[in-house]
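Notes for the structure review
What follows is each chain in one-letter form.
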Amino acid sequence: MITIKDIAKEANVSDGTVDRVLHNRGGVSKKTEAKIRTILKKYNFSVNPVASALALKNKFHIAALIPSYNDDDLFWKSPYLGILKATEDVKNFGTQVSTFKYNQYDSVSYITMFKKLIKTKPSAVLLVPTFLKETKEIVKNLEQLEIPYFFINVDLEGFNNTAFIGQDSYTAGYIAGKLMYLNLSKPSSFLIIQSRHNITKNNAIFKRIEGFNDYFLKNNINSQSFTLKIENLSNREETKEKINDFLKNHPEIEGIFVPSSRIYMIADCLNDSYLKKLQLIGFDNTPQNIECLLNDSVSFLISQKPFDQGYESIRIITDYLMKNKIPTNKIFLPIEILLKENAMYMERHDI
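Residues numbered from 1 in each chain as written. Predicted model: local features only at pLDDT ≥ 70, side-chain atom pairs only at ≥ 80, totals over all residues. Heavy atoms only, no water.

Looking up the chain in an unreviewed UniProt entry gives the name Substrate-binding domain-containing protein, with the organism given as Mariniflexile aquimaris.

Here's what the structure looks like:
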């Protein structure tokens, strides 16, 4: 069996030079690298990941801080499954991944789980920065300890995170506005239903709303949008009363935009007369939302590839730790538009 020493001897270079080429560490001239890669290809040489991991002097530990999920809000199940899949893929490279889940409606839970996380002495941290004030506290702690951190899903500005992995929320909202207009083919009035408006104003929800409204402004479309804020969508009777009363007082409304994964709750609260005449656009391919898409309660869903967010984040951080591969500051995933006709073809990631 050919070894790195054999490759180095034939290329007339040191073992370390071959190792740098194998692991993309740089520091090798293009001419020498090309020569080594030609020899590697000739012998069909590849690195044994298990042996490579065993040879590492330092094992790496990635800690992920993400919201928990339940039957009423399944969105965060997909990123979690993505993290689990990536965990299996990177463990042979000496990388361990731990996940800490917090209540996305409770800032105390967010801080409490971070305190548990930091005790594990992670090499890097992946987090969803749900609460602005508490995120500042968390980040200050991480920076004092010189622990690199990455944001997923929520793209907060003003921080020194190594990278953000997720959706371009503004563009996704802009696309939602375009879909709404094209589906109605005329200037109209729309209702934007916003929940959880007590958290940071820099999160994905607000960017989506900004993008939605900007589509009409930038294209000089004379449409009007209303905003209805509902603190607790889980209170079905109160939510139903608020929405239907608002629509009764504004009969000109022809479409509803829900910039979150809860559009199925809105569809469930609408009176049948409104459900039949209104165009509904929301986010995320949760089972409840897909069901609304299939039964024509919802016209479009915009997916932010949640499984891929979790999976790609762990892969990116692993490359950063092992290969010193610096990622771009913002890593935007594809924006996927789901309709009744193509929902059956979407990727499913279940265990």
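Right, picking up where we left off after that structure.
Remarks on the overall build of the chain
To be explicit about the condition: To qualify as a helix, a DSSP run of H or I must reach at least 4 residues; to qualify as a strand, a run of E must reach at least 2; elements of each kind are numbered from the N terminus. We call a residue buried when its accessible area falls under 20% of the maximum for its residue type, exposed when it is over 50%, and partly exposed in between, using a 1.4 Å probe and counting protein chains only. Throughout, a contact is declared for two residues whenever any of their heavy atoms are within 4.5 Å. Only the protein chains shown count as cover for residues, with accessible areas throughout obtained via the Shrake-Rupley method and a probe of 1.4 Å. Under this rule, positive means Lys or Arg and negative means Asp or Glu; His and the chain ends count for nothing. Lysine's charge is taken at NZ, arginine's at CZ, aspartate's at CG and glutamate's at CD.
Scanning the chain from N- to C-terminus turns up 14 helices and twelve strands. Across the 351 residues in the chain, those meeting the buried criterion constitute 51%. Partitioning the intrachain contacts of the chain with sequence separation of at least 6 by distance along the chain shows that 71% fall at a separation of at least 24. About 17800 Å² of surface is accessible on the chain, with carbon and sulfur atoms providing 49% of the total. Treating the 45 positive side-chain charges of the chain as one cloud and the 39 negative ones as another, the clouds have centres 8 Å apart.

So, the pairing of strand β4 (residues 149-152)
Rules: Any two strands with at least two DSSP bridges between them are considered paired. Handedness rule for crossovers: strands pointing away from the viewer, path from the first strand over the helix to the second running clockwise, crossover right-handed.
Neither face of β4 is exposed, since Y149 and F151 on one face and F150 and I152 on the opposite face are all buried. As paired strands, strand β3 (residues 124-127) and β4 are joined by three bridges and run parallel to one another. Following the sheet pairing, V125 is matched in β4 by Y149. One crossover worth recording links β3 to the parallel β4 by way of helix α7 (residues 132-144), and it is right-handed. Two strands pair when backbone bridges link them, and β4 and strand β5 (residues 163-166) are joined in this way by three bridges, in the parallel orientation.

Focus on the packing of helix α6 (residues 107-118) against α7
Angle between the axes and distance between the axes are the two parameters that describe a pair of packed helices. Going by this rule: In this analysis an axis means a line fitted to C-alpha atoms, helices contributing only their contacting stretch, and an angle means the value between N-to-C directions, from 0 to 180 degrees. When describing relative orientation, an angle under 35 degrees is termed roughly parallel and one over 145 degrees roughly antiparallel, while 65 to 115 degrees is termed roughly perpendicular and anything else oblique. Each crossing gets its handedness from the near helix: less than a right angle anticlockwise from the far helix is left-handed, clockwise is right-handed. Residue polarity is assigned by list, with Asp, Glu, Lys and Arg as charged and Ala, Val, Leu, Ile, Met, Phe, Trp, Tyr, Cys and Pro as nonpolar; anything else, Gly included, falls into the polar class.
Two numbers describe how α6 lies on α7: the axes approach to 10 Å, and their chain directions differ by 10°. Our classification of the angle between α6 and α7 gives roughly parallel. The way α6 lies across α7 gives a crossing that is right-handed. Judged by residue contacts, S107, Y110, I111, F114 and I118 of α6 engage E134, T135, E137, I138, N141 and L142 from α7. The residue inventory of the contact of α6 with α7, partitioned by class, reads six nonpolar, three polar and two charged.

Regarding the sheet that holds strand β9 (residues 279-283)
With mixed pairing, six strands are arranged side by side in an open sheet as β7-β6-β8-β9-β10-β12. At either margin of the open sheet sits one strand with a lone partner, and together these are β7 (224-230) and β12 (336-338). Recorded for the sheet is a direction-independent mean angle of 20° between the axes of neighbouring strands. Pairing analysis gives four bridges linking strand β6 (residues 189-195) to strand β8 (residues 253-257), with the strands arranged parallel. Across the sheet, residue F190 finds its bridge partner in β8, namely G255. Together, β6, β7, β8 and β9 form the strand contacts of helix α9 (residues 204-218), whose direction differs from that of β6 by roughly 170°.

Structural notes on the nonpolar core
Within soluble globular proteins, side chains that are nonpolar generally end up buried alongside one another. Applied cut-off: Side-chain atoms within 4.5 Å link the members of a nonpolar core, which is a set of buried Ala, Val, Leu, Ile, Met, Phe, Trp, Tyr and Cys residues.
Counting residues in hydrophobic clusters, the biggest one holds 51 residues, and the most contacted among them are L65 and F150. Tallying contributions element by element places helix α14 (residues 306-323) first for this core, with eight residues. Not counting residues up to four positions away in its chain, the partners in contact with F150 are A124, V125, L126, L127, T162, A163, I165, I316, I317, Y320 and P327.

Regarding the pattern of salt bridges
For the record, the criterion: By salt bridge we mean one thing: a side-chain nitrogen of Lys or Arg within 4 Å of a carboxyl oxygen of Asp or Glu.
Per the stated rule, a full pass over the model turns up 14 salt bridges. With a shortest N-O distance of 3.0 Å, E33 and R37 are connected by a salt bridge. Here R37 and E33 lie together in helix α3 (residues 30-42), a separation of four residues that amounts to about one turn. Owing to a relative accessible area of 28%, E33 belongs among the partly exposed residues under this scheme. Two residues, E157 and K330, come together in a salt bridge whose shortest N-O distance is 3.2 Å.

Topic: helix α5 (residues 77-90)
The test is simple: Here a helix's expected span is defined as the number of its residues, less one, multiplied by 1.5 Å.
The end-to-end C-alpha distance of α5, which contains 14 residues, comes to 20 Å, matching closely the 20 Å that a straight helix rising 1.5 Å per residue would cover. Considering only its buried residues, α5 is in contact with β1 (60-67), β2 (95-102), β3 and α14.

Describing the sheet that holds β3
The strand order across the open sheet formed by six strands is β2-β1-β3-β4-β5-β11, and the pairing between neighbours is parallel. Two strands lie at the open edges of the sheet, namely β2 and β11 (330-332), each paired on one side alone. Strand-to-strand twist in this sheet, taken as the mean axis angle between neighbours without regard to direction, amounts to 20°. Of the pairings in the sheet, the one linking β1 to β2 comprises eight bridges and is parallel in character. Within β2, the position partnered with A63 by the bridge is S98. On top of the sheet, α7 reaches β1, β3 and β4; it is set at about 150° to β4, its chief contact.

Looking at unusual backbone geometry
In this model, D284 sits at a positive phi of 85°, which is unusual for a non-glycine residue. As for its placement among the helices and strands, D284 is situated in the loop between β9 and α13 (287-294). A positive phi is found at D296, a non-glycine position, where the angle reads about 70°. Here D296 is to be found in the loop between α13 and β10 (300-303).

Points about the state of the cysteines
Note: disulfide means a covalent bond formed between the sulfur atoms of two cysteine side chains. We apply this condition: For the purposes of this analysis, a disulfide is any pair of cysteine sulfur atoms at a distance within 2.5 Å.
Evaluated as defined, the whole model comprises zero disulfides. There is no disulfide at C269, and the cysteine sulfur nearest it, in C292, is 11 Å away. By relative accessible area, which is 2% here, C269 ends up buried.

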